[in-house]
Amino acid sequence: MSRLSFDFGYIIQTLPVLMVGLKMTVFISVLAILFSLLIGLSGAAARTLKVPVVSRIVAVYVDIIRNTPLLVHVFFVYFGLPIIGIKLDAVTVGIVTLSLWGGAFAVENFRGGTDAVSKSLIESGESLGLSRWQVVRHIIVPLGFRISFPAFSNTAVSVIKNSAYMTGIGVVELTFVAVDRMAYDFKTYEMLLAIAVIYLALIWGASYLFSRIERRLDFNKKTVKGGKGRGGFVEKLALSFRRGN
Amino acid sequence: MEVLLKNSHFLLEGVINTLLLSISCLCIALIIGIGVGVLQMAKNRLVSSIARGYAELFRGLPIVITLFIVFFMLPEAGIYVNSYISAMIALSVWSSSNISVAVRGAIQSIPPTQFEAAHSLGLSSVQTMRYVILPQAFRRMLPSIIGLLSNLVQSTTLSVLIGNLDFLKSAQLVIERVEIMQGGSIAFQIYVLVLLVYFVICYPLSMWAKRLERSYR
(Lines give C-alpha, C1' and ligand atoms only; values in the text may rest on other atoms or scores of the structure.)
Protein backbone atom coordinates (compact mmCIF):
# COMPACT_ATOMS: atom_id res chain seq x y z
CA MET A 1 0.00 0.00 0.00
CA SER A 2 1.49 3.24 -1.02
CA ARG A 3 -1.25 5.32 0.55
CA LEU A 4 -3.80 4.62 3.18
CA SER A 5 -6.18 7.54 3.05
CA PHE A 6 -8.88 7.96 0.46
CA ASP A 7 -9.18 11.59 -0.52
CA PHE A 8 -12.81 12.52 -1.21
CA GLY A 9 -11.90 16.19 -1.28
CA TYR A 10 -9.71 15.50 -4.28
CA ILE A 11 -12.63 14.08 -6.27
CA ILE A 12 -14.73 17.17 -5.50
CA GLN A 13 -11.79 19.35 -6.44
CA THR A 14 -11.27 17.69 -9.84
CA LEU A 15 -14.96 17.47 -10.69
CA PRO A 16 -14.89 20.60 -12.88
CA VAL A 17 -12.09 19.10 -15.00
CA LEU A 18 -13.90 15.78 -15.22
CA MET A 19 -17.02 17.60 -16.34
CA VAL A 20 -15.07 19.04 -19.28
CA GLY A 21 -14.19 15.48 -20.29
CA LEU A 22 -17.75 14.30 -19.70
CA LYS A 23 -19.05 17.03 -21.99
CA MET A 24 -16.78 15.80 -24.79
CA THR A 25 -17.83 12.19 -24.19
CA VAL A 26 -21.50 13.16 -24.36
CA PHE A 27 -20.94 15.38 -27.41
CA ILE A 28 -19.19 12.63 -29.39
CA SER A 29 -21.63 9.94 -28.26
CA VAL A 30 -24.79 11.89 -29.06
CA LEU A 31 -23.61 12.82 -32.54
CA ALA A 32 -22.38 9.28 -33.21
CA ILE A 33 -25.68 7.76 -32.02
CA LEU A 34 -27.66 10.08 -34.30
CA PHE A 35 -25.47 9.23 -37.30
CA SER A 36 -25.66 5.50 -36.45
CA LEU A 37 -29.44 5.77 -36.44
CA LEU A 38 -29.34 7.37 -39.89
CA ILE A 39 -26.86 4.86 -41.29
CA GLY A 40 -28.74 2.00 -39.67
CA LEU A 41 -32.15 2.98 -41.03
CA SER A 42 -30.99 3.71 -44.56
CA GLY A 43 -28.69 0.67 -44.64
CA ALA A 44 -31.44 -1.61 -43.39
CA ALA A 45 -33.84 -0.13 -45.92
CA ALA A 46 -31.37 -0.84 -48.74
CA ARG A 47 -30.90 -4.39 -47.49
CA THR A 48 -34.58 -5.14 -46.97
CA LEU A 49 -35.69 -3.67 -50.29
CA LYS A 50 -32.77 -5.42 -52.01
CA VAL A 51 -31.66 -2.26 -53.82
CA PRO A 52 -29.34 -3.75 -56.50
CA VAL A 53 -25.74 -2.61 -55.92
CA VAL A 54 -26.27 -0.68 -52.69
CA SER A 55 -27.48 -3.74 -50.81
CA ARG A 56 -24.22 -5.60 -51.56
CA ILE A 57 -22.11 -2.62 -50.56
CA VAL A 58 -23.97 -2.27 -47.27
CA ALA A 59 -23.51 -5.99 -46.57
CA VAL A 60 -19.75 -5.77 -47.14
CA TYR A 61 -19.50 -2.61 -45.02
CA VAL A 62 -21.36 -4.28 -42.16
CA ASP A 63 -19.18 -7.40 -42.33
CA ILE A 64 -15.95 -5.43 -42.40
CA ILE A 65 -16.85 -3.12 -39.52
CA ARG A 66 -18.26 -5.87 -37.32
CA ASN A 67 -15.27 -8.14 -37.76
CA THR A 68 -12.44 -5.68 -37.25
CA PRO A 69 -11.57 -3.86 -34.02
CA LEU A 70 -12.82 -0.32 -33.51
CA LEU A 71 -9.43 0.80 -32.21
CA VAL A 72 -7.86 -0.19 -35.52
CA HIS A 73 -10.49 1.85 -37.39
CA VAL A 74 -9.64 4.80 -35.20
CA PHE A 75 -5.91 4.48 -35.82
CA PHE A 76 -6.45 3.81 -39.51
CA VAL A 77 -8.49 6.98 -39.97
CA TYR A 78 -6.29 9.11 -37.72
CA PHE A 79 -2.83 7.92 -38.77
CA GLY A 80 -3.42 6.10 -42.03
CA LEU A 81 -5.69 8.37 -44.05
CA PRO A 82 -3.46 11.48 -43.85
CA ILE A 83 -0.95 9.54 -46.00
CA ILE A 84 -3.41 9.64 -48.89
CA GLY A 85 -4.33 13.24 -48.17
CA ILE A 86 -7.38 12.98 -45.90
CA LYS A 87 -6.61 14.83 -42.69
CA LEU A 88 -9.17 14.96 -39.90
CA ASP A 89 -8.79 16.28 -36.38
CA ALA A 90 -9.08 13.85 -33.49
CA VAL A 91 -12.64 14.77 -32.48
CA THR A 92 -13.91 14.38 -36.05
CA VAL A 93 -12.13 11.04 -36.30
CA GLY A 94 -13.89 10.01 -33.11
CA ILE A 95 -17.32 10.96 -34.42
CA VAL A 96 -16.72 9.42 -37.86
CA THR A 97 -15.37 6.08 -36.62
CA LEU A 98 -17.95 5.71 -33.86
CA SER A 99 -20.77 6.56 -36.28
CA LEU A 100 -19.55 4.04 -38.83
CA TRP A 101 -19.12 1.43 -36.11
CA GLY A 102 -22.52 2.04 -34.53
CA GLY A 103 -24.07 2.32 -37.99
CA ALA A 104 -22.89 -1.15 -38.98
CA PHE A 105 -24.44 -2.67 -35.87
CA ALA A 106 -27.59 -0.57 -36.32
CA VAL A 107 -28.06 -1.89 -39.87
CA GLU A 108 -28.17 -5.40 -38.44
CA ASN A 109 -30.47 -4.32 -35.59
CA PHE A 110 -33.02 -2.74 -37.90
CA ARG A 111 -32.75 -5.50 -40.45
CA GLY A 112 -33.56 -7.98 -37.72
CA GLY A 113 -36.66 -5.90 -37.00
CA THR A 114 -37.89 -5.75 -40.58
CA ASP A 115 -37.23 -9.47 -40.98
CA ALA A 116 -39.32 -10.13 -37.91
CA VAL A 117 -42.41 -8.46 -39.36
CA SER A 118 -44.47 -11.49 -40.21
CA LYS A 119 -44.81 -12.37 -43.87
CA SER A 120 -48.57 -12.82 -43.56
CA LEU A 121 -48.97 -9.17 -42.51
CA ILE A 122 -47.07 -8.04 -45.57
CA GLU A 123 -49.07 -10.35 -47.80
CA SER A 124 -52.37 -9.19 -46.38
CA GLY A 125 -51.25 -5.62 -46.98
CA GLU A 126 -50.48 -6.46 -50.58
CA SER A 127 -53.78 -8.26 -51.03
CA LEU A 128 -55.55 -5.11 -49.82
CA GLY A 129 -54.06 -3.43 -52.85
CA LEU A 130 -51.30 -1.47 -51.10
CA SER A 131 -48.33 -0.65 -53.29
CA ARG A 132 -44.83 -1.88 -52.41
CA TRP A 133 -44.02 1.54 -51.04
CA GLN A 134 -47.21 1.72 -48.98
CA VAL A 135 -46.46 -1.68 -47.47
CA VAL A 136 -43.04 -0.40 -46.46
CA ARG A 137 -44.38 2.90 -45.19
CA HIS A 138 -47.38 1.59 -43.22
CA ILE A 139 -46.45 -1.95 -42.23
CA ILE A 140 -42.74 -2.74 -42.32
CA VAL A 141 -41.35 0.52 -40.95
CA PRO A 142 -43.68 1.11 -38.00
CA LEU A 143 -43.64 -2.52 -36.87
CA GLY A 144 -40.02 -3.25 -37.71
CA PHE A 145 -38.76 -0.10 -36.04
CA ARG A 146 -40.57 -0.90 -32.83
CA ILE A 147 -39.40 -4.48 -32.78
CA SER A 148 -35.79 -3.57 -33.38
CA PHE A 149 -35.53 -0.49 -31.20
CA PRO A 150 -34.42 -2.40 -28.07
CA ALA A 151 -31.56 -3.91 -30.09
CA PHE A 152 -30.62 -0.49 -31.38
CA SER A 153 -30.59 0.94 -27.89
CA ASN A 154 -28.01 -1.68 -26.93
CA THR A 155 -25.90 -0.52 -29.84
CA ALA A 156 -26.33 3.10 -28.77
CA VAL A 157 -25.21 2.29 -25.24
CA SER A 158 -22.16 0.51 -26.68
CA VAL A 159 -21.37 3.65 -28.66
CA ILE A 160 -21.24 5.63 -25.43
CA LYS A 161 -18.94 3.07 -23.84
CA ASN A 162 -16.70 2.89 -26.87
CA SER A 163 -16.21 6.64 -26.95
CA ALA A 164 -13.53 5.84 -24.37
CA TYR A 165 -11.44 4.36 -27.22
CA MET A 166 -10.75 7.91 -28.39
CA THR A 167 -8.29 8.28 -25.53
CA GLY A 168 -5.96 6.43 -27.91
CA ILE A 169 -5.76 9.42 -30.26
CA GLY A 170 -5.81 12.08 -27.57
CA VAL A 171 -9.40 13.29 -27.68
CA VAL A 172 -9.92 15.12 -24.39
CA GLU A 173 -12.85 13.01 -23.20
CA LEU A 174 -13.62 11.57 -19.79
CA THR A 175 -11.07 8.74 -19.81
CA PHE A 176 -8.33 10.93 -21.23
CA VAL A 177 -8.89 13.61 -18.61
CA ALA A 178 -8.80 11.04 -15.82
CA VAL A 179 -5.59 9.37 -17.00
CA ASP A 180 -4.05 12.79 -17.48
CA ARG A 181 -4.91 13.81 -13.89
CA MET A 182 -3.52 10.51 -12.59
CA ALA A 183 -0.20 11.26 -14.25
CA TYR A 184 -0.04 14.59 -12.41
CA ASP A 185 -1.46 13.88 -8.98
CA PHE A 186 -1.01 10.12 -8.49
CA LYS A 187 -4.44 9.92 -6.89
CA THR A 188 -5.15 6.69 -8.73
CA TYR A 189 -7.90 5.23 -6.54
CA GLU A 190 -9.86 8.43 -6.35
CA MET A 191 -9.69 9.18 -10.04
CA LEU A 192 -10.56 5.65 -11.19
CA LEU A 193 -13.45 5.40 -8.78
CA ALA A 194 -14.73 8.79 -9.90
CA ILE A 195 -14.75 7.96 -13.61
CA ALA A 196 -16.12 4.47 -13.03
CA VAL A 197 -19.06 6.01 -11.16
CA ILE A 198 -19.56 8.72 -13.79
CA TYR A 199 -19.52 6.17 -16.63
CA LEU A 200 -21.95 3.88 -14.83
CA ALA A 201 -24.28 6.79 -14.15
CA LEU A 202 -24.04 7.92 -17.77
CA ILE A 203 -24.65 4.43 -19.15
CA TRP A 204 -27.45 3.53 -16.80
CA GLY A 205 -28.98 6.94 -17.42
CA ALA A 206 -28.87 6.33 -21.16
CA SER A 207 -30.29 2.80 -20.75
CA TYR A 208 -33.15 4.24 -18.71
CA LEU A 209 -33.82 6.90 -21.32
CA PHE A 210 -33.90 4.28 -24.08
CA SER A 211 -36.19 1.98 -22.10
CA ARG A 212 -38.57 4.94 -21.73
CA ILE A 213 -38.55 5.44 -25.50
CA GLU A 214 -39.05 1.70 -25.99
CA ARG A 215 -42.11 1.78 -23.77
CA ARG A 216 -43.42 4.80 -25.63
CA LEU A 217 -42.99 2.98 -28.95
CA ASP A 218 -44.61 -0.14 -27.62
CA PHE A 219 -48.10 1.27 -27.09
CA ASN A 220 -49.85 -1.54 -28.90
CA LYS A 221 -47.73 -4.32 -27.61
CA LYS A 222 -49.92 -7.11 -28.94
CA THR A 223 -49.30 -6.22 -32.57
CA VAL A 224 -45.58 -6.08 -31.99
CA LYS A 225 -45.48 -9.42 -30.28
CA GLY A 226 -47.23 -10.92 -33.29
CA GLY A 227 -43.99 -10.63 -35.24
CA LYS A 228 -42.11 -13.86 -35.56
CA GLY A 229 -38.50 -14.34 -34.55
CA ARG A 230 -38.65 -12.21 -31.43
CA GLY A 231 -38.78 -13.63 -27.99
CA GLY A 232 -37.04 -16.83 -29.03
CA PHE A 233 -34.36 -17.92 -26.62
CA VAL A 234 -31.42 -17.52 -28.98
CA GLU A 235 -32.54 -14.06 -30.05
CA LYS A 236 -32.77 -12.91 -26.48
CA LEU A 237 -29.36 -14.29 -25.76
CA ALA A 238 -27.95 -12.68 -28.87
CA LEU A 239 -29.57 -9.39 -27.92
CA SER A 240 -28.08 -9.48 -24.48
CA PHE A 241 -24.73 -10.05 -26.11
CA ARG A 242 -24.80 -7.23 -28.54
CA ARG A 243 -24.47 -4.99 -25.56
CA GLY A 244 -21.21 -6.77 -24.80
CA ASN A 245 -18.82 -4.30 -26.23
CA MET B 1 6.25 -5.10 -49.78
CA GLU B 2 9.93 -5.29 -49.00
CA VAL B 3 9.20 -3.74 -45.62
CA LEU B 4 6.59 -6.39 -44.99
CA LEU B 5 8.96 -9.23 -45.77
CA LYS B 6 11.61 -7.74 -43.54
CA ASN B 7 9.18 -7.34 -40.66
CA SER B 8 7.02 -10.37 -41.24
CA HIS B 9 8.55 -12.26 -38.35
CA PHE B 10 7.91 -9.38 -35.96
CA LEU B 11 4.33 -8.92 -37.16
CA LEU B 12 3.64 -12.62 -36.92
CA GLU B 13 4.83 -12.55 -33.33
CA GLY B 14 2.26 -9.81 -32.73
CA VAL B 15 -0.51 -11.96 -34.20
CA ILE B 16 0.53 -14.86 -31.99
CA ASN B 17 0.52 -12.60 -28.92
CA THR B 18 -2.98 -11.43 -29.78
CA LEU B 19 -4.23 -14.99 -30.23
CA LEU B 20 -2.56 -16.18 -27.03
CA LEU B 21 -4.12 -13.34 -25.08
CA SER B 22 -7.56 -14.05 -26.55
CA ILE B 23 -7.44 -17.77 -25.89
CA SER B 24 -6.12 -17.48 -22.36
CA CYS B 25 -8.81 -14.89 -21.59
CA LEU B 26 -11.51 -17.14 -22.98
CA CYS B 27 -10.35 -20.09 -20.88
CA ILE B 28 -10.29 -18.07 -17.66
CA ALA B 29 -13.56 -16.35 -18.54
CA LEU B 30 -15.32 -19.64 -19.20
CA ILE B 31 -14.41 -20.97 -15.78
CA ILE B 32 -15.32 -17.78 -13.90
CA GLY B 33 -18.31 -17.05 -16.12
CA ILE B 34 -19.94 -20.45 -15.64
CA GLY B 35 -19.31 -20.20 -11.90
CA VAL B 36 -20.78 -16.73 -11.62
CA GLY B 37 -23.66 -17.65 -13.93
CA VAL B 38 -24.60 -20.64 -11.77
CA LEU B 39 -24.27 -18.55 -8.62
CA GLN B 40 -26.69 -16.01 -10.09
CA MET B 41 -29.31 -18.73 -9.87
CA ALA B 42 -28.45 -19.53 -6.25
CA LYS B 43 -31.29 -19.70 -3.73
CA ASN B 44 -29.29 -17.60 -1.27
CA ARG B 45 -30.26 -13.99 -2.04
CA LEU B 46 -26.92 -12.54 -0.93
CA VAL B 47 -24.90 -14.89 -3.16
CA SER B 48 -27.11 -14.38 -6.19
CA SER B 49 -27.14 -10.61 -5.87
CA ILE B 50 -23.36 -10.44 -5.52
CA ALA B 51 -23.01 -12.58 -8.65
CA ARG B 52 -25.53 -10.43 -10.52
CA GLY B 53 -23.85 -7.27 -9.31
CA TYR B 54 -20.51 -8.50 -10.64
CA ALA B 55 -22.01 -9.19 -14.05
CA GLU B 56 -23.91 -5.91 -14.25
CA LEU B 57 -20.93 -3.86 -13.08
CA PHE B 58 -18.45 -5.18 -15.61
CA ARG B 59 -20.95 -5.29 -18.44
CA GLY B 60 -21.82 -1.70 -17.66
CA LEU B 61 -18.30 -0.31 -17.50
CA PRO B 62 -16.43 0.44 -20.73
CA ILE B 63 -13.68 -2.15 -21.24
CA VAL B 64 -11.12 0.64 -21.38
CA ILE B 65 -12.03 1.65 -17.84
CA THR B 66 -11.83 -1.93 -16.54
CA LEU B 67 -8.45 -2.19 -18.21
CA PHE B 68 -7.18 1.00 -16.60
CA ILE B 69 -8.60 0.03 -13.22
CA VAL B 70 -6.66 -3.25 -13.28
CA PHE B 71 -3.53 -1.68 -14.73
CA PHE B 72 -3.31 1.21 -12.29
CA MET B 73 -4.81 -0.40 -9.20
CA LEU B 74 -2.65 -3.51 -8.97
CA PRO B 75 0.62 -1.59 -8.49
CA GLU B 76 -1.10 0.60 -5.88
CA ALA B 77 -2.02 -2.57 -4.03
CA GLY B 78 1.60 -3.70 -4.23
CA ILE B 79 1.12 -6.26 -7.01
CA TYR B 80 3.47 -5.67 -9.90
CA VAL B 81 2.55 -7.43 -13.14
CA ASN B 82 3.28 -6.57 -16.75
CA SER B 83 0.74 -5.14 -19.13
CA TYR B 84 0.07 -8.56 -20.67
CA ILE B 85 -1.17 -9.95 -17.36
CA SER B 86 -3.13 -6.77 -16.63
CA ALA B 87 -4.85 -7.01 -19.98
CA MET B 88 -5.52 -10.69 -19.39
CA ILE B 89 -7.16 -10.00 -16.01
CA ALA B 90 -9.28 -7.11 -17.28
CA LEU B 91 -10.47 -8.86 -20.42
CA SER B 92 -11.21 -12.07 -18.50
CA VAL B 93 -13.30 -10.12 -16.01
CA TRP B 94 -15.20 -8.45 -18.83
CA SER B 95 -15.84 -11.61 -20.82
CA SER B 96 -16.68 -13.66 -17.75
CA SER B 97 -19.42 -11.18 -16.85
CA ASN B 98 -20.84 -11.58 -20.34
CA ILE B 99 -20.56 -15.36 -20.25
CA SER B 100 -22.25 -15.45 -16.85
CA VAL B 101 -25.29 -13.69 -18.27
CA ALA B 102 -25.44 -16.16 -21.16
CA VAL B 103 -25.12 -19.05 -18.71
CA ARG B 104 -27.94 -17.68 -16.58
CA GLY B 105 -30.13 -17.26 -19.66
CA ALA B 106 -29.33 -20.78 -20.83
CA ILE B 107 -30.06 -22.31 -17.43
CA GLN B 108 -33.34 -20.41 -17.19
CA SER B 109 -34.35 -21.75 -20.58
CA ILE B 110 -34.09 -25.36 -19.37
CA PRO B 111 -37.56 -26.56 -18.40
CA PRO B 112 -38.02 -26.84 -14.60
CA THR B 113 -39.17 -30.43 -15.03
CA GLN B 114 -35.54 -31.32 -15.70
CA PHE B 115 -34.57 -30.06 -12.23
CA GLU B 116 -37.47 -31.89 -10.64
CA ALA B 117 -36.70 -35.13 -12.44
CA ALA B 118 -33.05 -34.96 -11.41
CA HIS B 119 -33.99 -34.26 -7.78
CA SER B 120 -36.47 -37.11 -7.72
CA LEU B 121 -33.71 -39.41 -8.93
CA GLY B 122 -31.87 -38.43 -5.78
CA LEU B 123 -29.23 -36.19 -7.33
CA SER B 124 -27.98 -33.32 -5.18
CA SER B 125 -28.17 -29.71 -6.45
CA VAL B 126 -24.53 -29.76 -7.47
CA GLN B 127 -24.95 -33.09 -9.26
CA THR B 128 -28.07 -31.83 -11.02
CA MET B 129 -26.15 -28.83 -12.32
CA ARG B 130 -23.10 -30.84 -13.27
CA TYR B 131 -24.74 -33.80 -15.01
CA VAL B 132 -28.16 -32.62 -16.13
CA ILE B 133 -28.45 -28.88 -16.55
CA LEU B 134 -25.04 -27.60 -17.65
CA PRO B 135 -24.51 -30.09 -20.50
CA GLN B 136 -27.83 -29.00 -22.00
CA ALA B 137 -27.27 -25.34 -21.24
CA PHE B 138 -23.81 -25.38 -22.77
CA ARG B 139 -25.15 -26.27 -26.20
CA ARG B 140 -27.57 -23.38 -26.05
CA MET B 141 -24.98 -20.81 -25.09
CA LEU B 142 -22.41 -21.97 -27.62
CA PRO B 143 -23.39 -19.41 -30.32
CA SER B 144 -22.99 -16.52 -27.90
CA ILE B 145 -19.68 -17.83 -26.64
CA ILE B 146 -18.30 -18.01 -30.16
CA GLY B 147 -19.66 -14.54 -30.85
CA LEU B 148 -17.96 -13.37 -27.71
CA LEU B 149 -14.67 -14.91 -28.81
CA SER B 150 -14.76 -12.79 -31.96
CA ASN B 151 -15.55 -9.80 -29.79
CA LEU B 152 -12.73 -10.71 -27.43
CA VAL B 153 -10.14 -10.92 -30.22
CA GLN B 154 -11.18 -7.43 -31.26
CA SER B 155 -11.08 -6.13 -27.71
CA THR B 156 -7.52 -7.31 -27.14
CA THR B 157 -6.41 -4.37 -29.31
CA LEU B 158 -7.26 -2.16 -26.33
CA SER B 159 -4.28 -3.60 -24.51
CA VAL B 160 -2.03 -1.35 -26.63
CA LEU B 161 -3.40 1.53 -24.54
CA ILE B 162 -1.55 0.09 -21.56
CA GLY B 163 1.48 -0.87 -23.63
CA ASN B 164 0.97 -4.56 -24.34
CA LEU B 165 2.83 -5.78 -27.42
CA ASP B 166 -0.02 -7.31 -29.42
CA PHE B 167 -0.50 -7.32 -33.17
CA LEU B 168 -1.69 -3.71 -33.37
CA LYS B 169 1.27 -2.54 -31.31
CA SER B 170 3.79 -4.42 -33.41
CA ALA B 171 2.24 -2.91 -36.54
CA GLN B 172 2.61 0.55 -35.02
CA LEU B 173 6.24 -0.18 -34.20
CA VAL B 174 6.91 -1.22 -37.79
CA ILE B 175 5.35 2.05 -39.01
CA GLU B 176 7.53 4.06 -36.63
CA ARG B 177 10.64 2.14 -37.55
CA VAL B 178 10.13 2.77 -41.24
CA GLU B 179 9.45 6.44 -40.59
CA ILE B 180 12.66 6.87 -38.66
CA MET B 181 14.94 4.77 -40.84
CA GLN B 182 13.65 5.47 -44.33
CA GLY B 183 11.43 8.51 -44.01
CA GLY B 184 7.97 8.49 -45.54
CA SER B 185 5.12 6.75 -43.84
CA ILE B 186 3.53 3.41 -44.66
CA ALA B 187 0.79 3.85 -42.06
CA PHE B 188 -1.98 3.48 -44.63
CA GLN B 189 -0.75 0.17 -46.03
CA ILE B 190 0.08 -1.32 -42.65
CA TYR B 191 -3.28 -0.44 -41.15
CA VAL B 192 -5.04 -1.98 -44.14
CA LEU B 193 -3.01 -5.12 -43.48
CA VAL B 194 -3.96 -5.03 -39.80
CA LEU B 195 -7.65 -4.69 -40.66
CA LEU B 196 -7.31 -7.58 -43.07
CA VAL B 197 -5.68 -9.88 -40.52
CA TYR B 198 -8.30 -9.16 -37.87
CA PHE B 199 -11.00 -9.73 -40.45
CA VAL B 200 -9.53 -13.09 -41.40
CA ILE B 201 -9.52 -14.13 -37.75
CA CYS B 202 -12.94 -12.77 -36.74
CA TYR B 203 -15.08 -13.30 -39.82
CA PRO B 204 -15.13 -17.13 -39.67
CA LEU B 205 -15.97 -16.93 -35.96
CA SER B 206 -18.92 -14.60 -36.59
CA MET B 207 -20.13 -16.77 -39.44
CA TRP B 208 -19.92 -19.84 -37.24
CA ALA B 209 -21.82 -18.11 -34.44
CA LYS B 210 -24.48 -16.96 -36.88
CA ARG B 211 -24.90 -20.43 -38.32
CA LEU B 212 -25.24 -22.02 -34.89
CA GLU B 213 -27.72 -19.35 -33.87
CA ARG B 214 -29.81 -20.14 -36.91
CA SER B 215 -29.67 -23.89 -36.36
CA TYR B 216 -31.08 -23.51 -32.83
CA ARG B 217 -34.00 -21.43 -33.99
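Residues numbered from 1 in each chain as written. Chains lettered and ligands numbered in written order. Predicted model: local features only at pLDDT ≥ 70, side-chain atom pairs only at ≥ 80, totals over all residues. Heavy atoms only, no water.

Secondary structure assignment for chain A yields 10 helices and 0 strands. Going from the N terminus to the C terminus, chain A shows its helices and strands as α-α-α-α-α-α-α-α-α-α. Across the 245 residues in chain A, those meeting the buried criterion constitute 50%. Here the analysis covers contacts within chain A between residues at least 6 apart in sequence; of these, 81% occur between residues at least 24 apart. For chain A, the exposed area adds up to about 11700 Å²; of that, 68% sits on carbon and sulfur atoms. (Helix = DSSP H or I, 4+ residues; strand = E, 2+ residues; numbered from the N terminus. Buried < 20%, exposed > 50% of the residue type's maximum accessible area, 1.4 Å probe, protein only. Contact = heavy atoms within 4.5 Å. Areas by Shrake-Rupley, 256 points an atom, 1.4 Å probe, with all protein chains shown as cover.)

At the junction of the two partners, chain B supplies 53 residues and chain A supplies 47 residues. Taken as a group, B:Glu76, B:Phe188 and B:Leu195 account for 15% of the area that chain B buries against chain A, more than any other trio of residues on that side. The class makeup of the residues in the side of chain B that touches chain A is 33 nonpolar, 13 polar and 7 charged. (Buried area = accessible area lost by both parts, 1.4 Å probe. Nonpolar A, V, L, I, M, F, W, Y, C, P; charged D, E, K, R; others polar.)

So, about the side chain of B:Thr18. All names here are of chain B. Mapped onto the fold, Thr18 is located in helix H1 (residues 2–39). Thr18 sits in the buried class, given a relative accessible area of 2%. A polar contact of 3.0 Å, which involves the side chain of Thr18, links it to the backbone nitrogen of Phe167. For Thr18, the contacting residues outside a window of four places in its chain are Val153, Thr156, Asp166, Phe167 and Tyr198. (Polar contact = N/O pair within 3.5 Å; in protein donor to acceptor, adjacent residues only side chain to side chain.)

Below, the discussion takes up the UniProt feature "transmembrane region" (unreviewed entry) in chain B. Residues and elements named next belong to chain B. In the numbering used here, UniProt assigns the "transmembrane region" (unreviewed entry) feature to residues 20–42, 54–74 and 185–209. Helix makes up 87% of residues 20–42 and strand 0%, and the two end C-alpha atoms of the span are 33 Å apart. Helix makes up 92% of residues 185–209 and strand makes up 0%, while its end C-alpha atoms are separated by 38 Å. (UniProt positions renumbered as here; feature names shortened; annotations may be inferred.)

Side chains that differ in charge, positive against negative, can pair when their charged atoms come close. Residue and element names in this part refer to chain A. For the structure on display, the rule yields 3 salt bridges over all chains. Here Arg111 ties to Glu108 by a salt bridge, and the two come within 3.6 Å at their closest N and O atoms. Taken together, the positions of Arg111 and Glu108, both in helix H4 (residues 90–116) and 3 residues apart, correspond to about one turn of that helix. Since its relative accessible area comes to 21%, Arg111 is described here as partly exposed. The partner of Arg132 in a salt bridge is Glu126, with the nearest N and O atoms 3.8 Å apart. Accessibility expressed as a relative area gives 46% for Arg132, which makes it partly exposed. Glu126 gets classed as partly exposed once you look at its relative accessible area, which sits at 38%. (Salt bridge = Lys/Arg side-chain N within 4 Å of Asp/Glu carboxyl O.)

In this description, an aromatic ring pair is defined by two values, namely the gap between the centres and the angle between the planes. Summed over the entire model, instances satisfying the criterion amount to 15 aromatic pairs over all chains. Here A:Phe149 and A:Phe210 contribute two aromatic rings whose centre-to-centre distance is 6.1 Å and whose plane-to-plane angle is 50°, an arrangement assigned as tilted. A residue pair is termed long-range when its members are at least 10 positions apart, and A:Phe149 in helix H6 (residues 132–162) and A:Phe210 in helix H8 (residues 188–217) qualify at 61 residues. Judged on exposure class, the residue A:Phe149 and its partner A:Phe210 are both buried. Between the aromatic rings of B:Tyr54 and B:Phe58, the centroid separation amounts to 5.3 Å while the plane-to-plane angle is 65°, which identifies the pairing as edge-to-face. Highlighted residues: B:Tyr54 and B:Phe58, both in helix H2 (residues 45–60), separated by 4 residues, approximately one helical turn. Pairwise contacts between aromatic rings join A:Phe110, A:Phe145, A:Phe149, A:Phe152 and A:Phe210 into one cluster. Sitting above the plane of the A:Tyr10 ring, A:Lys187 keeps its charged end 5.7 Å from the centroid. One cation-aromatic arrangement involves B:Arg177 over B:Phe10; the distance from NZ or CZ to the ring centre is 4.7 Å. (Phe/Tyr/Trp six-rings, centres within 6.5 Å; stacked < 30°, edge-to-face > 60°. Lys NZ or Arg CZ within 6 Å of the ring centre and 35° of its normal.)

Take the nonpolar core next. Judged by nonpolar contacts, the single largest core of 117 residues is most densely connected at A:Leu18 and B:Leu168. Tallying contributions element by element places H8(A) first for this core, with 12 residues. For A:Leu18, the contacting residues outside a window of four places in its chain are A:Leu174, A:Val177, A:Ala178, A:Met191, A:Ala194, A:Ile195 and A:Ile198. Judged by nonpolar contacts, the second largest core, of 9 residues, contains A:Ala116, A:Val117, A:Val135 and A:Val136. (Core = buried A, V, L, I, M, F, W, Y, C linked by side-chain atoms within 4.5 Å.)

In this fold, B:Gln172 is placed in helix H7 (residues 167–182). Apart from residues lying up to four places away in sequence, B:Gln172 is in contact with A:Phe75 and B:Tyr191.

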